[in-house]
Amino acid sequence: MLVGDDLGRRIRRDPGDWPVQFRPARAIILPDGVLRADVGANLEVDDRPGVARHLYRSQLEDLWRGLDDLGFGDPTVGDFDGNLGLLAPDDDEVIQILALQRGGRDWAIVRRFEIPADTTPAEAAALEDARMRSAIRRLAALAWAFDDPPDDSIDFPERYDFGPDPWVRYRDPVKGDT
């Protein structure tokens, strides 16, 4: 989910008024069920968020069944062939992106729409694609992101993902770590 600068400022002013599908976010579900997710104004299409949770196989199956029911589970519905990393929202624009891979094929579904400055969050719901809203809300629920934003008085720890241990080859397995 990408959000333009002006709209992003409106959302940050009163995040509790804006449903989760309008707030900037990024989620990745890996084939093994690892769900990486984060929210925030500085997220880009190519960012790789930290691990939020591990999904059960039944949750992955339910998600794909839901995407199939919405008509997004088939590669022929992909409507974007360009570089997703080059997408940039205008000031009052929302870009909703579903990039999917299944059966060795990948496709992307992109929905763009403007939310004018005088539009309320309730009125904004009429501007978006209902099927895309449903898909994004399913993903958000799996990532434990809901319409009520988290309490900002709580200091959450920074999550860093530095990848695998680069020093493992220098350790002596017989003596242990040194």
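Provided above is the structure to which this section pertains.
Summary of the structure given here. (Residues numbered from 1 in each chain as written. Predicted model: local features only at pLDDT ≥ 70, side-chain atom pairs only at ≥ 80, totals over all residues. Heavy atoms only, no water.)

1. A short note on the sheet that holds strand β4 (residues 51-54)
What the 3 strands build is an open sheet, ordered β2-β3-β4; its pairing is antiparallel. The sheet is open, and its two edges are formed by β2 (25-29) and β4, each paired on a single side. The average undirected angle you get between the axes of adjacent strands in this sheet is 20 degrees. Examined bridge by bridge, β2 and strand β3 (residues 34-39) share 5 bridges and lie antiparallel to one another. Residue pairing in the sheet places A25 in a bridge with V39 of β3. (Pairing = 2+ DSSP bridges. Helix = DSSP H or I, 4+ residues; strand = E, 2+ residues; numbered from the N terminus. Axes fitted to C-alpha atoms, helices over the stretch in contact; angles between N-to-C directions.)

2. A word on the packing of aromatic side chains
Enumeration over the complete set of coordinates arrives at 3 aromatic pairs. A connected cluster of aromatic rings, assembled from ring pairs, spans W18, F22 and F113. (Phe/Tyr/Trp six-rings, centres within 6.5 Å; stacked < 30°, edge-to-face > 60°.)

3. Comments concerning the pairing of β3
Taking the residues that link successive antiparallel strands as the turn, the β2-β3 hairpin has 4 residues, and the phi of G33 there is positive, at about 95 degrees. The sheet contact formed by β3 and β4 spans 3 bridges and is antiparallel. The residue bridging R36 from the neighbouring strand is V51, located in β4.

4. A closer look at the environment of W144
Mapped onto the elements, W144 comes out in the segment after α4 (130-142). On a C-alpha basis, the gap between W144 and A52 in space is 8.3 Å, while along the polypeptide they are 92 residues apart. If we ignore the near neighbours within four places in the chain, the residues touching W144 are A52 and R53. (Contact = heavy atoms within 4.5 Å.)

5. Examining the packing of helix α2 (residues 57-70) against α4
Where α2 meets α4, the closest approach of the two axes is 10 Å, and the angle between their N-to-C directions is 170 degrees. Here α2 lies roughly antiparallel to α4, going by the angle between them. Facing α2, whose interface residues are Q59, L63, G66, L67 and L70, α4 presents R131, S134, A135, R138, L139 and L142. Grouping the constituent residues of the contact of α2 with α4 by class yields 6 nonpolar, 3 polar and 2 charged. (Parallel < 35°, antiparallel > 145°, perpendicular 65-115°, else oblique. Nonpolar A, V, L, I, M, F, W, Y, C, P; charged D, E, K, R; others polar.)

6. Re the pattern of salt bridges
As enumerated under the stated definition, the model contains 10 salt bridges in all. In this structure, R57 and E61 form a salt bridge, with 3.3 Å as the shortest nitrogen-oxygen distance. Here E61 and R57 lie together in helix α2, a separation of 4 residues that amounts to about one turn. Taking the relative accessible area as the measure of exposure, E61 reaches 38% and is therefore partly exposed. Residue R65 is joined to D62 by a salt bridge in which the shortest nitrogen-to-oxygen separation is 2.6 Å. (Salt bridge = Lys/Arg side-chain N within 4 Å of Asp/Glu carboxyl O. Buried < 20%, exposed > 50% of the residue type's maximum accessible area, 1.4 Å probe, protein only.)

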